[in-house]
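Next come the chains, spelled out residue by residue.
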Number of protein chains: 2
Amino acid sequence: MSEITDAPATALTTEAPGVLLYPEAFERIVAMLRAGITRLAADEPAPFTRLAVPPVISRRTIERAGYVTSFPHLLGTVHSYAGDAKRWGRLAPLAEEGGAWHADQEISDLVLLPAACYPTYATLAGRDLDAPARFHVEAHCFRQEATSEPGRLRTFRMVELVTAGDEEHCVAWRDRWLARVAQWLESMSLKVAIEEADDPFFGVGRKLYQAAQRMQKLKFELRVPVDGDQVQAIASANYHKDHFGEAFGFTAGGAAGQTACTAFGIERIAFALINVHGPQPDRWPAALWR
Amino acid sequence: MSEITDAPATALTTEAPGVLLYPEAFERIVAMLRAGITRLAADEPAPFTRLAVPPVISRRTIERAGYVTSFPHLLGTVHSYAGDAKRWGRLAPLAEEGGAWHADQEISDLVLLPAACYPTYATLAGRDLDAPARFHVEAHCFRQEATSEPGRLRTFRMVELVTAGDEEHCVAWRDRWLARVAQWLESMSLKVAIEEADDPFFGVGRKLYQAAQRMQKLKFELRVPVDGDQVQAIASANYHKDHFGEAFGFTAGGAAGQTACTAFGIERIAFALINVHGPQPDRWPAALWR
């Protein structure tokens, strides 16, 4: 255990906007949040299947999930050099000067993971769910954000609780978790505003897409100040209807499987706590560390 | 806490070779390894600075570090869509069918992190070290491996202990940690072979590069069976001479700063333990869980 006291939880910036390094005091907050979410999850009537998820995923899975179509501007694709050593001899001298050594990079079969839940839906392919399938996942996620306002990272950790089942189950589950997460955040002295939200759809159908999302009440965000008065969504509760059941081919109750999830933006929740309780976790109220 | 007993620690495969999902029983092993490394690190005469490192890093940092020049075939570059919504209207229909929607992807300022230690060197830029600077880092790393033999993942977790100082310090530190890590792995009943090694340099100078690395005894690998008799390097101890001090501009003892590191391949160590003790961590010797 660390014996450093009063160490600030301030993240270190790097040469790349939206890419931070996290000191030990920050990671204590992360561990506390993980433990808190695990306690919330323990009350669920049936256990969640926990999976640790890597930060890259099959490109085909993300294409199939519809993410590429809707959010191409946020997606990071993984490219690699497919040429031979001889050709590399001509490109290599450009590398140390920051020149165009990457002219021959080709797209690979992988993309950066945009949300922690994506790999779970593919594990259900071909199944007919006679009881809800629940997942508790954590991953480093990536979004190629255009701005770098406080809390708007490009690489960040996301914990998600996910359920798959029929419509009745998924709607009730999402509503129940929305309330529970708000209550949990408030118990840590965060001022939570629950707002109907939409996703940052890209393309000519944007207004229609977002209006349909709001009309169907698919997405709710829990918004909290993360830096002074700067507010960000630090968690969300989402109902996907049969989007993933159709895309990945699983069913429940004789129809395409439905899904819902609640997502926790770990760094953003930590920033919000630092904003309220100060940068030194050692001085935070003891109740937070139970 | 989980009440599931005897759950196997078997990782789940995905659609993408070398990209796995890890169940709770596997993550118990990961947590045990993290705790073991932290105990080893606690004996160091001065504390390590701990940093949690994200899975992407500034492309310029990796160019400067010389990684691009030497290992272009292993590097994953992050590309994104820089076009407008109108043009996307023409590409979007290709996305769900797996067509060439990615024709307009452009390279970004980020690459996938190839090793956990890279961000640490940049934090020393401009400094003159009057005492060694030590780091304890963990990250998800990426290598675009061509094969998928057991243990050869493309995305994996790496813990590294790093030191920066003068030549005498770095050489002694590397030798000491090589012995300590071997002893630690052996204490968990792993059969460790320590081997002089070289890096998988790409390009026409490969043989010369690798011979020079071996002649100078820069890299030692700790090799252990990870699946039956299939052996992989599960840890390494490396001396970089003044490579990073020159690249990032820090000094020690009046000369370019030198560095050394010891790297732990977390999944590979877990695979090696499963190979020896079986897939059910609940049945492993209690001494492993102290």
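Above: the structure in question.
Below, the structure is looked at part by part.

What counts and how
- Residues numbered from 1 in each chain as written.
- Chains lettered and ligands numbered in written order.
- Predicted model: local features only at pLDDT ≥ 70, side-chain atom pairs only at ≥ 80, totals over all residues.
- Heavy atoms only, no water.
- Phe/Tyr/Trp six-rings, centres within 6.5 Å; stacked < 30°, edge-to-face > 60°.
- Helix = DSSP H or I, 4+ residues; strand = E, 2+ residues; numbered from the N terminus.
- Buried < 20%, exposed > 50% of the residue type's maximum accessible area, 1.4 Å probe, protein only.
- Lys NZ or Arg CZ within 6 Å of the ring centre and 35° of its normal.
- Pairing = 2+ DSSP bridges.
- Expected span 1.5 Å × (residues − 1).
- Contact = heavy atoms within 4.5 Å.
- Axes fitted to C-alpha atoms, helices over the stretch in contact; angles between N-to-C directions.
- Salt bridge = Lys/Arg side-chain N within 4 Å of Asp/Glu carboxyl O.
- Least-squares fit on C-alpha atoms with pLDDT ≥ 70 in both.

Description of the packing of aromatic side chains
Counted by the stated rule, this structure contains 33 aromatic pairs over all chains. Considering the side-chain rings of W173 of chain B and W177 of chain B, the 5.8 Å spacing of their centres and the 40 degrees angle between planes classify their relative orientation as tilted. Placement of both W173 of chain B and W177 of chain B in helix α6 (residues 167-187) is noted, with a separation of 4 residues, approximately one turn of the helix. Accessibility expressed as a relative area gives 1% for W173 of chain B, which makes it buried. The buried category is assigned to W177 of chain B, whose relative accessible area is 0%. By way of ring pairs, the aromatic residues Y67, F71, Y118, Y121, F201, Y209, F244 and F248 of chain A are connected into one cluster. Sitting over the face of the ring of Y22 of chain A, R157 of chain A holds its NZ or CZ atom 5.0 Å from the ring centroid. Above the ring of W177 of chain A, the side-chain terminus of R180 of chain A is found at 4.9 Å from the ring centroid.

Here's the deal with the pairing of strand β6 (residues 105-112) of chain A
Residue and element names in this part refer to chain A. Pairing of strand β4 (residues 56-58) with β6, which is carried by 3 bridges, proceeds in the antiparallel orientation. Counted as the bridge partner of V56 is L112 from β6. In this sheet, β6 lies alongside strand β5 (residues 77-81) in antiparallel orientation, the contact comprising 4 bridges. Bridging across to β6, T77 finds its partner in V111.

Here we look at helix α1 (residues 24-42) of chain B
For α1 of chain B, spanning 19 residues, the distance from its first C-alpha to its last is 27 Å, which sits close to the expected 27 Å at 1.5 Å a residue. Listed in full, the buried residues belonging to α1 of chain B are A25, F26, E27, I29, V30, M32, L33, G36, I37, L40 and A41 of chain B.

Examining unusual backbone geometry
The phi torsion at K217 of chain A lies on the positive side, around 50 degrees, for a residue other than glycine. Note on placement: K217 of chain A falls in the loop between α7 (206-215) and β11 (219-227). One non-glycine residue, S189 of chain B, lies in positive phi territory at about 70 degrees. Looking at the element boundaries, S189 of chain B is found in the loop between α6 and β10 (193-197).

A few points about the sheet that holds strand β7 (residues 128-129) of chain B
Taken in spatial order, the 3 strands of this open sheet run β7-β13-β14 (chain B), and their pairing is mixed. Strands at the two margins of the open sheet, each flanked by one partner only, are β7 and β14 (255-256) of chain B.

Side note on the sheet that holds strand β8 (residues 133-142) of chain B
Note on sheets: strands pair through backbone hydrogen bonds, and any given pair is parallel or antiparallel. If you walk across this open sheet you meet the 9 strands as β1(A)-β2(A)-β3(B)-β8(B)-β9(B)-β15(B)-β12(B)-β11(B)-β10(B), and the pairing is mixed. Every other strand in the sheet has two partners, leaving β1 (12-13) of chain A together with β10 of chain B as the edge strands with one partner each. As paired strands, strand β12 (residues 230-239) of chain B and strand β15 (residues 258-265) of chain B are joined by 5 bridges and run antiparallel to one another. Opposite S236 of chain B, over in β15 of chain B, you have A263 of chain B as the bridge partner. The strands touched by α1 of chain B are β3 (49-52), β8, β9 (155-165) and β15 of chain B; relative to β9 of chain B, the strand with the most contacts, the crossing angle is about 5 degrees.

Observations concerning the pattern of salt bridges
All names here are of chain A. Counted according to the given criterion, the structure contains 42 salt bridges over all chains. Linking D104 and R87 is a salt bridge whose minimum nitrogen-to-oxygen distance equals 2.3 Å. Taken together, the residues span a long stretch of sequence, with D104 in the loop between α4 (85-91) and β6 and R87 in helix α4 at a distance of 17 residues. Classification of R87 as partly exposed rests on a relative accessible area of 31%. With its nearest N and O atoms 2.8 Å apart, the salt bridge here joins K217 to E196. Highlighted residues: K217 in the loop between α7 and β11 and E196 in strand β10 (residues 193-197), separated in sequence by 21 residues. Owing to a relative accessible area of 32%, E196 belongs among the partly exposed residues under this scheme. Linked by salt bridges that have partners in common, E27, R157 and E267 make up one network.

What about the relation of the copies chain B and chain A?
When chain B is fitted onto chain A, the two copies agree to an RMSD of 0.0 Å after a turn of 180 degrees and an axial shift of 0.0 Å. Taken together, the rotation and translation describe the operation of a two-fold axis. Among all residues of chain B, the minimum C-alpha distance to the rotation axis is found for V78 of chain B, at 2.5 Å. A shared binding surface is used by both copies, with 100% of the interface residues of chain B retained as interface residues in chain A.

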